Amino acid sequence: QVQLVESGGGLVQPGGSRRLSCAASGSDFSDYVVGWYRQAPGKQRELLAAITSGGYTNYAESVKGRFTISRDNDKNTGYLQMNSLKPEDTAVYYCNAFTPRYYSGSYYKEKDYWGQGTQVTVSS
């Protein structure tokens, strides 16, 4: 129902910056929470950041202060601004859109959609 396409990956030098985009189509983008994940070879996929339609955010400690998540509901697009990049940031980055259902402090993903990922390589 929702199609997601990531873009903006590529080769970046250590200390450099990169902005990833997640273009959504097929449904009402404002109904969904947007998350960014990454997965490096031999490691589990990890949540980096999430943002609600109203702009509330949270971040993983590994990227807090360096990465910024944002969204433009009028353009049906989510973003991840990445600064001060390190070699350990090298991974495939994925966009996720979901509708949460809440129960007294806990939630589950009722609808859950993923993009195909974009490679980010940090190397000199």
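Everything below is about the structure printed above this text.
Residues numbered from 1 in each chain as written. Predicted model: local features only at pLDDT ≥ 70, side-chain atom pairs only at ≥ 80, totals over all residues. Heavy atoms only, no water.

Colleague: Residue-level account of the overall build of the protein chain, with values.
Modeller: The number of helices and strands found in the protein chain is zero helices and 11 strands. Relative to the globule expectation of 14 Å for 124 residues, the C-alpha radius of gyration of the protein chain, 14 Å, shows essentially globular dimensions. In terms of overall dimensions, the protein chain has C-alpha extents of about 45 × 30 × 25 Å along its principal axes. Considering the protein chain as a whole, with its 124 residues, one finds that 40% of them fall into the buried category. (Helix = DSSP H or I, 4+ residues; strand = E, 2+ residues; numbered from the N terminus. Rg over C-alpha atoms; globule rule 2.2 N^0.38 Å. Buried < 20%, exposed > 50% of the residue type's maximum accessible area, 1.4 Å probe, protein only.)

Colleague: Give me the lowdown on the packing of aromatic side chains, citing residues and values where you can.
Modeller: Applying the stated criterion to the full structure yields five aromatic pairs. Judged by centre distance (4.8 Å) and plane angle (55°), the ring pair of tyrosine 37 and tryptophan 114 falls under tilted. Separated by 77 residues along the polypeptide, tyrosine 37 in strand β4 (residues 33-39) and tryptophan 114 in strand β10 (residues 106-114) bring together distant segments of the chain. Using a relative accessible area of 30% as the deciding quantity, one classes tryptophan 114 as partly exposed. Seen in terms of ring centroids, phenylalanine 98 and tyrosine 107 are 6.0 Å apart; in terms of plane orientation they differ by 15°. Their pairing is stacked. Accessibility expressed as a relative area gives 6% for phenylalanine 98, which makes it buried. Among the aromatic side chains, those forming a connected cluster through ring pairs are Phe98, Tyr102 and Tyr107. Above the ring of tyrosine 94, the side-chain terminus of arginine 45 is found at 3.9 Å from the ring centroid. (Phe/Tyr/Trp six-rings, centres within 6.5 Å; stacked < 30°, edge-to-face > 60°. Lys NZ or Arg CZ within 6 Å of the ring centre and 35° of its normal.)

Colleague: Provide a residue-level description of the pattern of salt bridges, including the pertinent values.
Modeller: Inspection of the entire model under this criterion finds five salt bridges. For the salt bridge of glutamate 46 with arginine 38, the shortest nitrogen-to-oxygen distance reads 2.8 Å. You can call glutamate 46 partly exposed: its relative accessible area is 31%. For arginine 38, a relative accessible area of 6% gives the class buried. Between arginine 38 and aspartate 89 there is a salt bridge whose closest N-O contact spans 2.9 Å. One end of the pair, arginine 38, is in strand β4; the other, aspartate 89, is in the loop between β8 (77-82) and β9 (91-103), with 51 residues separating them in the sequence. This pair shows no difference in class: arginine 38 is buried, exactly as aspartate 89 is. (Salt bridge = Lys/Arg side-chain N within 4 Å of Asp/Glu carboxyl O.)

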